Amino acid sequence: MILGLITVGSVLVISLYLVISGIPAIKEIGLINFLFGKEWASTADEPKYGILPFILTSVYGTCAAIVIGVPIGFFTAVYLSKIAGKKIRNIVETAVNLLAGIPSVVYGLVGMLVLVKGIRLVFNVPDGASFLAAVIVLTVMILPNIIKVSVTALDAVQKEYEDASLALGATPVETFFKISVPAAKSGIAAAVVLGVGRAIGEAMAVMMVAGNAANMPSLFESVRFLTTAVASEMAYSSPGSLQRKALFSIALVLFIFIMMINAVLNFVLKEKKGK
Amino acid sequence: MKKTICLSVIAVLVALTIGLTLAGCGKNSETVSTDGSTSMSQVIGALGEAFEAEKGITVTYNATGSGAGIQAVQEGRCEIGLASRSLKEEEIESGLKETVIAYDGIAVIVNPENPINDLDLETIAKIYTGEITNWKEVGGNDSAIVIIGRESGSGTRDGFESITGTEDKCKYRQELTSTGDVITAVAGNPNAIGYASLASVKDSVKALSVGGIAPSEETIKDGSYKVQRPFVFVTKKDTPISESAQEFFDYSTSEAAREIISSAGVVPAN
């Protein structure tokens, strides 16, 4: 019971702290100016605190990673769960688990040394540290989540459904996509939502490959995410300054985003139980 | 029952915390207060730690900025002010004294593949403000210049921008959060230019000479290498500082402190 209280207590303290320390700056800057301002120059003589570039970058980046990552993860999961032999499944699952365990700073480092350079050479742009690099890193990072949760959901589909379909003359592929996948629908949806959560909250890896200039998102442009905006300036901002307060406000915005994603996840899982 | 255990655990923890805090206060009654430049946090941190280990006197450091530090000395709110620039004439006239303890040399670095070896301060400023965007304009290859710097608030960025006069005007392509990241990024891109504190520059990048003078401990000390600034202790000319503050002052300017200052990435002045 005490241990449970510690968890609940931490959540409450963090939420309260974020709200309390995030609101003053929003009040001072003005909600509209803060959320929709296009310019961020926190240490200039006339500081500007507009976080629209960060919000858009985070939203676009997450969406792009999902758009690329979900098909790859989904088809991998169907293959692993339904088609692959035991040996192949074991090998691939080990690889996926390993991928899930790699610390994000390692993703960042490899991205910085290989991916950033690769993008510069392949696309012939002056610098590879860009939105594209961040999206690729995020895609690889969310794959294990999507694959693992989807595989579990697909494995849980009752064998009778599939047998019935096959007995009625459907081909295996028809069976998998028309019977198994719809039956595992909510599990797969949960996998996608988990992927979104991971992508939007990632800071370290993204900070190392995205360039971190406060630009509006564009494929080969250097961009800054909500997470990296907080992480990169926190260390040097002086306590009590508007800059520090504004960073807390950014964290609050991010927190609200993640709460929304959690709410969606809860809704999806409840739907599953209701059926 | 469970509640009682829980409560007693909390009570013991609270008692311990209060006890420790009180004990901590009683032990270190002697402190030296410093206030000022955020760029000097590493130097003051290293010096303060070594000084405390040796003499048992705590050095407090309030990171407010050079201007605020100088003001704090004037108003007697701290014993030693810290500034990462020389005092202005009117500040000296108002009865303050500066003692340089170290020089912060900032190397301008490019990829070793880049044929450029030398730029002057004005050209560097033009590159960073986006007036010059291609290496061929300064005699290099025909490729776009990729400007790499540090995040806002960083002492190195603040130093570089104030020396080159490009405050808030730099058109950064990448803003990285550590010296190591800047060096890695410049080492990985033949079009990049960046800056880093001289002590941490490695062979993977090339440090440019500025106006014909290569950065080194000597050229920084004699002032011929331009991308540098002094780290100074600011005190009042006619009011003596407390005994413990004087001890810290002497310690920081002594031979023994040289190594500690170098380890913080700057060139010791004494």
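Trainee: Hey, could you run me through the pattern of salt bridges in this one?
Mentor: Where side chains of opposite charge bring their charged atoms close, a pairing between them can arise. Within the structure shown, the criterion is met by 19 salt bridges over all chains. The salt bridge partner of A:Glu39 is A:Lys48, with a shortest N-O separation of 3.8 Å. Its salt-bridge partner being A:Arg224, residue A:Glu233 comes within 3.0 Å of it at the nearest N-O pair. In this structure, A:Glu233 and A:Arg224 share a single accessibility class: buried. A single salt-bridge network, built from bridges that share partners, covers A:Arg224, A:Glu233, B:Arg157, B:Glu161 and B:Glu175.

Trainee: I'm lost on the packing of aromatic side chains in this one. Help?
Mentor: To describe a pair of aromatic rings, you give the distance between the ring centres and the angle between the ring planes. On inspection of all chains with the given rule, the structure shows 16 aromatic pairs over all chains. Within the aromatic cluster, the residues linked to one another by ring pairs are B:Phe51, B:Phe233, B:Phe248, B:Phe249 and B:Tyr251.

Trainee: What is the right way to look at the layout of surface pockets in this model?
Mentor: The method is simple in principle: a probe with the dimensions of a water molecule rolls over the atoms, and the space it marks as empty is what remains. A volume near 870 Å³ is recorded for the largest pocket. Taken together, 32 residues form the lining of the largest pocket, with A:Thr43, B:Thr38, B:Gly153, B:Ser154 and B:Asp158 sitting closest to its centre. Those elements that provide at least two residues to the lining of the largest pocket are α3 (66-74), α6 (155-164) and β11 (228-236) of chain B. At five residues, the largest contribution of residues to the lining of the largest pocket is made by α6(B). Among the residues making up the lining of the largest pocket, the classes are represented as five nonpolar, 19 polar and eight charged.

What counts, and at which threshold
Residues numbered from 1 in each chain as written. Chains lettered and ligands numbered in written order. Predicted model: local features only at pLDDT ≥ 70, side-chain atom pairs only at ≥ 80, totals over all residues. Heavy atoms only, no water. Salt bridge = Lys/Arg side-chain N within 4 Å of Asp/Glu carboxyl O. Buried < 20%, exposed > 50% of the residue type's maximum accessible area, 1.4 Å probe, protein only. Phe/Tyr/Trp six-rings, centres within 6.5 Å; stacked < 30°, edge-to-face > 60°. 1 Å grid on protein atoms, 1.4 Å probe; cavity = no way out; pocket = protein on both sides within 12 Å on 5 of 7 lines; lining within 4 Å. Points joined across faces, edges and corners; volume = space filled by probe spheres on them. Helix = DSSP H or I, 4+ residues; strand = E, 2+ residues; numbered from the N terminus. Nonpolar A, V, L, I, M, F, W, Y, C, P; charged D, E, K, R; others polar.

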